[in-house]
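Fold and geometry: a report
The primary structure of each chain is shown beneath.
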Amino acid sequence: MSETDSRAVVPKNSLLKYLDQRLCARGLACAIIIGSCAVITEPVQAQIQIKSMVSEVFEGSPFLVQAGIMPALDKGKINNIHFADSDGLRRFYEGREFEPIWVNIGRGQTRKVSSALEAFEKSWTHGLNPENYHVYEISQLLERDDDEALFMLELLTSDASVRYVRDLSSMRVASNMVSRTIRNMQTRPITEDVLAYIEDNSNAGRALSAFEPKGNLYSLLQTELVELVESEAEPYEPLLPIRAQGVIRPGDSHRAISAIRQRLNADVQSATANYYDNDLVQTVMHFQQQNGLADDGVIGPRTLEVMNITREQKIERVIANLERLRWVAREKPDRYILVNIPSATLWAIEDGRVVLDMPVILGKKKRATESFVTEIKGIRFNPNWTIPPTIKKEDFLPNLVEDPYYATNRGIEFVHGYGENAMTIDPGMIDWATIEWEDFKQIRMIQNPGRSNPLGQMRVLMPNPYNIYLHDTNKPEYFQKDNRFISSGCVRVAKPMQLTHFIMEGRQDWSDEQLKNILDSQKLTEVSVGEELPVFILYQTVWLGDDRKIVYGPDVYGKDRSLVRHMKEKNLFYVPAHNEKKDKIVENSSSQGVARISVNP
């Protein structure tokens, strides 16, 4: 063809190729349509004529939307928005020959999209960020009725739904940002399964809500978040933070007492404003009781930390705890044990009721108790204690340098080797000041059963990667402390025998007499449970109190702060402006600096 030839051949783009394949497959006159437009005076006119003729023949058909879906899936994006799971989207749409599930070109139906958009806009009530679900783009596209807008609307709504369901039912953050190792956590749902489920439901919003976590705490935290966002800051917040060194005891005078009175709205005459009198003690004890603290009237660091929580910090706490509740992979059974780290409490649950609760002692900050889910396999009675490597190195080695018999005097044996090759070692024969750590690791330090054994009379057998377990203690007086974060990571329980009864309830051949005989023998004895019992060790700084009201506890390991900081850095954190109406969310999101696509005609 010469340069002066006014005719131009229109190359078959992906739209024409797809139409050619689809229409011929249905025995339609595609050759007439494509052929009549293959050579025409101007390429632009050819495209216009093709579109016009196809629209006339296939009015009311989704073919044009389908033809737009395929090239977008090839690219894995629409303009500058990449799909969360391009391969999963392709598999889903290929399996249905690229027919849309959200839009109907013939009748212009987008009601299903509007239903999903409403769920995306309300996602902040789950502690999610609506910006991550294309609310701005989808809202703009709903204002248009051209074919390009429809196929973009189709794919963006599908992609947003996948993103939303993933965030609603699994981890949004990298596991190494929140814990040394995350196990037993929720896995991401499969894209095809999500979209197939939505397709089968006429109400997309209801379908999306099916992926929400179930449980009273999650639901109540959502309600709490909405109320906090819509409320004003508390009148006492300008006083915060209230600071005091050490502890304030009843009868003390302290300059912080005046601020504490105002924080708790306690009446007082100005002459005694800084005196910690009996009336204020009762008010403080009530506050402690309502917030999961030891109600002893002593104002220490933990009590002040809870007093100092502002409205903004409460919002952050609620969002962090909603996030964690979405991580746990399994539904809770009829019977299980729950240890909440920040409240330092163990609950035994049966048929949705707390049948046993007790204080526990947990790991100090530098040896924090990890969060995980496992099952109880049995109980070891009259246990011996093999000292863990960290405790050997950090707690015992410095003392052994000063006194080689420091551990021996506490009933601890030094053993090298196993089985027939095991040999007891005299610690006085070792130069502890020069011993290499690799050599020290080969020496086991074992404390035999007895009154001085830190594990007490029982240890729960519950496999986990952290070597953490529930156990009795030889120092029960520590349960009276306000700060019970003093262990090396394991969980010491205040009521070991009551816990034993709950665990062994599933064994028909178990009796109190059998337990007594085992304990009296003072011999190490392992007993398996009748049925494995799940144990959830979780980190929830917000929980339900005895009156089913929200309790804000201390962030003992600083995990809330690090989680919220990470979510903010990754644009995963969103709080509507104070008293912001729902219809302002989209408007607000357009100014946040996130990726946008052009949606104008």
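Our structure is the block above this text.
Residues numbered from 1 in each chain as written. Predicted model: local features only at pLDDT ≥ 70, side-chain atom pairs only at ≥ 80, totals over all residues. Heavy atoms only, no water.

This part covers the packing of aromatic side chains. Within this structure, the stated rule accounts for 14 aromatic pairs. Measuring from ring centre to ring centre gives 5.5 Å for Phe 372 and Tyr 466, while their planes differ by 45°; the resulting arrangement is tilted. Of the two residues, Phe 372 sits in strand S8 (residues 372-381) while Tyr 466 sits in the loop between strand S13 (458-461) and strand S14 (470-471), which places them 94 residues apart along the sequence. Assigned by exposure class, Phe 372 and Tyr 466 land together as buried. (Phe/Tyr/Trp six-rings, centres within 6.5 Å; stacked < 30°, edge-to-face > 60°. Helix = DSSP H or I, 4+ residues; strand = E, 2+ residues; numbered from the N terminus. Buried < 20%, exposed > 50% of the residue type's maximum accessible area, 1.4 Å probe, protein only.)

The subject of this paragraph is the nonpolar core. The nonpolar side chains of a soluble globular protein tend to be buried, and buried together. In terms of nonpolar packing, the biggest core is built from 88 residues, with Tyr 93, Trp 102, Phe 120, Leu 155 and Ile 260 touching the most fellow members. Per-element accounting of this core gives the leading share, twelve residues, to helix H8 (residues 147-169). In contact with Leu 155, other than residues within four places in its own chain, are Ile 69, Ala 72, Leu 73, Ile 78, Phe 83 and Tyr 93. In terms of nonpolar packing, the next biggest core, distinct from the first, is built from 57 residues, Trp 385, Ala 407, Met 462 and Ile 503 among them. (Core = buried A, V, L, I, M, F, W, Y, C linked by side-chain atoms within 4.5 Å. Contact = heavy atoms within 4.5 Å.)

What follows concerns the sheet that holds strand S10 (residues 412-416). In sheet architecture, strand pairing relies on hydrogen bonds along the backbone and comes in two forms, parallel and antiparallel. Pairing in this open sheet of four strands is antiparallel, and the strands run S9-S12-S10-S11 from one edge to the other. Edge positions in the sheet fall to strand S9 (385-386) and strand S11 (423-425), since each of these pairs with one other strand and no more. Relative to strand S12 (residues 443-447), S10 runs antiparallel, the two sharing five bridges. Note on S12: the bridge partner recorded for Ile 412 is Gln 447. Across the sheet, helix H16 (residues 389-402) lies against S9, S10 and S12, angled at about 85° from S12, the strand it touches most. (Pairing = 2+ DSSP bridges. Axes fitted to C-alpha atoms, helices over the stretch in contact; angles between N-to-C directions.)

Bear in mind that shape data such as this cannot, by itself, settle questions of function.
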